[in-house]
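Now for the letters of each chain:
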Amino acid sequence: QQRADSLRVLAGTTGVRGPGIKMRIDGQDAFFASDLLNTVQELRDAGAEAIEVNGNRVVVDTWFADSGDGVSISGTVVGGPYEITAIGGPSTMATAMRIPGGIADTVESQDGSIVITELDRVEILSTVNLPEADPNVSVTD
């Protein structure tokens, strides 16, 4: 059961609560799809178990692209301010966001601002839907 629960969290099919961080990134011209991808990678490297950006769950197949109105997250365009929630070790993730040359430096060098708050409890309630299985394809195909 514990393994199944962990897999549901990784797949993004269930909400999750726990210690983590919240980040607010302001500055429409200071944050791009590549910055968001770098942020997600830095968070994962720092042990993030679940990530959400402006209400959109980030999972293994999530993609990012620049859009005239902000950043497209797997086809959903979101604009600033960017609210990022991550569940994992708060101090480890906050430190990772502030490493020299990391996302905090990047945002600030592009005239944006970033606020990182460490919390004992955060919630990520957004989920992703799994694609429907094709009834014409068997597992042994």
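Reading the values: the criteria
- Residues numbered from 1 in each chain as written.
- Predicted model: local features only at pLDDT ≥ 70, side-chain atom pairs only at ≥ 80, totals over all residues.
- Heavy atoms only, no water.
- Helix = DSSP H or I, 4+ residues; strand = E, 2+ residues; numbered from the N terminus.
- Buried < 20%, exposed > 50% of the residue type's maximum accessible area, 1.4 Å probe, protein only.
- Contact = heavy atoms within 4.5 Å.
- Areas by Shrake-Rupley, 256 points an atom, 1.4 Å probe, with all protein chains shown as cover.

(A) Looking closely at the overall build of the protein. Looking only at helices and strands, the protein features 4 helices and 8 strands. Starting at the N terminus and walking to the C terminus, you meet the elements of the protein as α-β-α-β-β-β-β-β-β-α-α-β. Expressed as a percentage of the 141 residues in the protein, the buried residues total 39%. Counted over contacts in the protein with a minimum sequence separation of 6, partners at least 24 positions apart contribute 75%. As displayed, the protein has an accessible area near 8,000 Å², and 49% of this comes from carbon and sulfur atoms.

(B) Looking closely at unusual backbone geometry. Of the consecutive residues Gly80 and Pro81, the connecting peptide bond is found in the cis state with omega at 0 degrees. Tracing the chain through its elements places Pro81 in the loop between strand 6 (76–78) and strand 7 (82–87). The residue Ser74 is not glycine, and still its phi comes out positive at about 50 degrees. Tracing the backbone shows Ser74 in the loop between strand 5 (70–73) and strand 6. Accessibility expressed as a relative area gives 36% for Ser74, which makes it partly exposed. Of note, the phi angle at Asp111 is positive, near 65 degrees, even though the residue is not glycine. Take Asp111: it is sitting in the loop between helix 4 (103–109) and strand 8 (113–124).

Function cannot be read off these values alone, since they describe shape.
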